[in-house]
Amino acid sequence: STTIGNYILPWILSDFSRLYPKAKPYLIVGNTQQIETGVDTGDLDLGLVEGPYHLTSLNSTFWREDELVVIAGCDHVWSHEKTISNKNLAHAPWIMREKGSGTREVFEAAMAKRGIKITISLELGHTEAIKKAVEAGLGVGCLSRMAVARELENNWLVQINSSLDLRRSLIILTREHNYRTKLLDTCLSFLLEDSLCMMTI
């Protein structure tokens, strides 16, 4: 899905292609709902998704941990606060991904756990668009730390501390009882080895 496809997988595919130059990866980037559907129908050999998935017919394997962060523009009033209250979170103009996005689902679940209702002022289908809208002062957002690392480092965006639990698991999805080629098994092993390397860093 989007965060993995845009910010993690290109580097992994680059390493994989150097080891197996005859393999030709075909990468589809979509939201979690689209990816799990593609795996279920057989259009995709495997899926990498962020957070909850809903098709119980699929096998899931933990891949790695991720964390969402609340973000605001550098000129936003929140940028000077140490921690934002639940009341402020409830009244904020949120800029969010579309329904079906794993990022949005994790964020909404974290808000609901705290009893906070969300006010969505703008819905955008791409992470980069959300970052630019938040940077422009149109509202606040919540995205993967990996997706906003460069913006935080360059002080284009500011991370906002809150009471929300925004941790999530990144998952590998495959079909049950599906024949696996040697290439697919090799790819899965490569992904899992990459995950182990990340855990030992």
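One can find the structure itself at the top, above this paragraph.
Quick notes on the rules
- Residues numbered from 1 in each chain as written.
- Predicted model: local features only at pLDDT ≥ 70, side-chain atom pairs only at ≥ 80, totals over all residues.
- Heavy atoms only, no water.
- Helix = DSSP H or I, 4+ residues; strand = E, 2+ residues; numbered from the N terminus.
- Rg over C-alpha atoms; globule rule 2.2 N^0.38 Å.
- Buried < 20%, exposed > 50% of the residue type's maximum accessible area, 1.4 Å probe, protein only.
- Areas by Shrake-Rupley, 256 points an atom, 1.4 Å probe, with all protein chains shown as cover.
- Lys, Arg positive; Asp, Glu negative; His and termini not counted.
- Charge placed at Lys NZ, Arg CZ, Asp CG, Glu CD.
- Contact = heavy atoms within 4.5 Å.
- Core = buried A, V, L, I, M, F, W, Y, C linked by side-chain atoms within 4.5 Å.
- Polar contact = N/O pair within 3.5 Å; in protein donor to acceptor, adjacent residues only side chain to side chain.
- Pairing = 2+ DSSP bridges.
- Expected span 1.5 Å × (residues − 1).
- Phe/Tyr/Trp six-rings, centres within 6.5 Å; stacked < 30°, edge-to-face > 60°.

## Side note on the overall build of the protein chain
Step number 1: Tallying secondary structure elements over the protein chain gives 8 helices and 7 strands in all.
Step number 2: Taking 2.2 N^0.38 as the reference for a compact globule, 201 residues should give roughly 17 Å; the C-alpha atoms of the protein chain span a radius of gyration of 18 Å, in line with that estimate.
Step number 3: When burial is assessed residue by residue, the protein chain has 43% of its 201 residues classed as buried.
Step number 4: With the model as given, the accessible surface of the protein chain reaches about 11,100 Å², and the carbon-plus-sulfur share is 53%.
Step number 5: Between the mean site of the 21 positive side-chain charges and the mean site of the 24 negative ones, the protein chain shows a separation of 2 Å.

## Overview of the environment of Leu191
Step number 1: Along the chain, Leu191 falls in helix H8 (residues 182-200).
Step number 2: Each C-alpha atom of the pair Leu191 and Leu9 lies 9.5 Å from the other, and the pair is 182 residues apart in sequence.
Step number 3: When sequence neighbours within four positions are dropped, the list of residues in contact with Leu191 reads Leu9, Ile12, Leu46, Leu48, Trp63 and Ile172.

## With respect to the nonpolar core
Step number 1: Val70, Trp78, Leu89, Trp94, Phe107, Leu164 and Leu166 are the most contacted members of the largest nonpolar core, which has 19 residues in total.
Step number 2: Of all the secondary-structure elements, those providing two or more residues to this core are strand E2 (58-73), strand E3 (94-96) and helix H5 (102-113).
Step number 3: When neighbours within four sequence positions are excluded, Val70 is seen to be in contact with Trp78, Trp94, Gly141, Cys142, Val158, Gln159, Ile160, Ser162, Leu164 and Leu166.

## Topic: the side chain of Ser101
Step number 1: Mapped onto the secondary structure, Ser101 falls in the loop between E3 and H5.
Step number 2: Of the polar contacts made by the side chain of Ser101, one reaches the backbone nitrogen of Thr103; its length is 3.2 Å.
Step number 3: From its side chain, Ser101 meets the backbone nitrogen of Arg104 in a polar contact 3.2 Å long.

## Brief notes about the environment of Tyr179
Step number 1: Looking at the secondary structure, you find Tyr179 in the loop between strand E7 (167-175) and H8.
Step number 2: Here Tyr179 falls in the exposed class, since its relative accessible area comes to 68%.
Step number 3: Taking C-alpha positions, Tyr179 is 55 Å from His80, a pair spaced 99 residues apart along the chain.

## Describing unusual backbone geometry
Step number 1: Residues other than glycine seldom take positive phi values, yet Asn155 does so here, at roughly 60°.
Step number 2: Mapped onto the secondary structure, Asn155 falls in the loop between helix H7 (145-153) and strand E6 (157-160).

## Thoughts on the pairing of E2
Step number 1: Summarising the sheet, E2 and E7 pair through 9 bridges and their orientation is antiparallel. The residue bridging Glu67 from the neighbouring strand is Arg167, located in E7.
Step number 2: Sheet analysis places E2 next to E6, joined by 4 bridges and oriented antiparallel. In the strand pairing of E6, Ile71 is matched with Gln159.

## A look at H5
Step number 1: For H5, spanning 12 residues, the distance from its first C-alpha to its last is 17 Å, which sits close to the expected 16 Å at 1.5 Å a residue.
Step number 2: Gly115 sits one or two residues past H5 and shows a positive phi near 70°.

## Digging into the environment of Thr2
Step number 1: Considering the arrangement of structural elements, one finds Thr2 in helix H1 (residues 2-7).
Step number 2: Judged by its relative accessible area of 6%, Thr2 falls in the buried class.
Step number 3: In this structure, the C-alpha to C-alpha distance between Thr2 and Lys82, residues 80 residues apart in sequence, is 30 Å.
Step number 4: Leaving out residues up to four positions away in the same chain, Thr2 has contacts with Tyr7, Val29, Gly30, Asn31, Glu50, Arg97 and Thr127.

## Points about the packing of aromatic side chains
We describe a pair of aromatic rings using the distance from one ring centre to the other and the angle between the two ring planes.
Step number 1: Applying the stated criterion across every chain, the model contains 4 aromatic pairs.
Step number 2: Ring centres of Trp94 and Phe107 lie 4.7 Å apart, and the angle between their planes is 55°; this geometry places the pair in the tilted category. Of the two residues, Trp94 sits in strand E3 while Phe107 sits in helix H5, which places them 13 residues apart along the sequence.
Step number 3: The class of Trp94 is buried, set by a relative accessible area of 0%.

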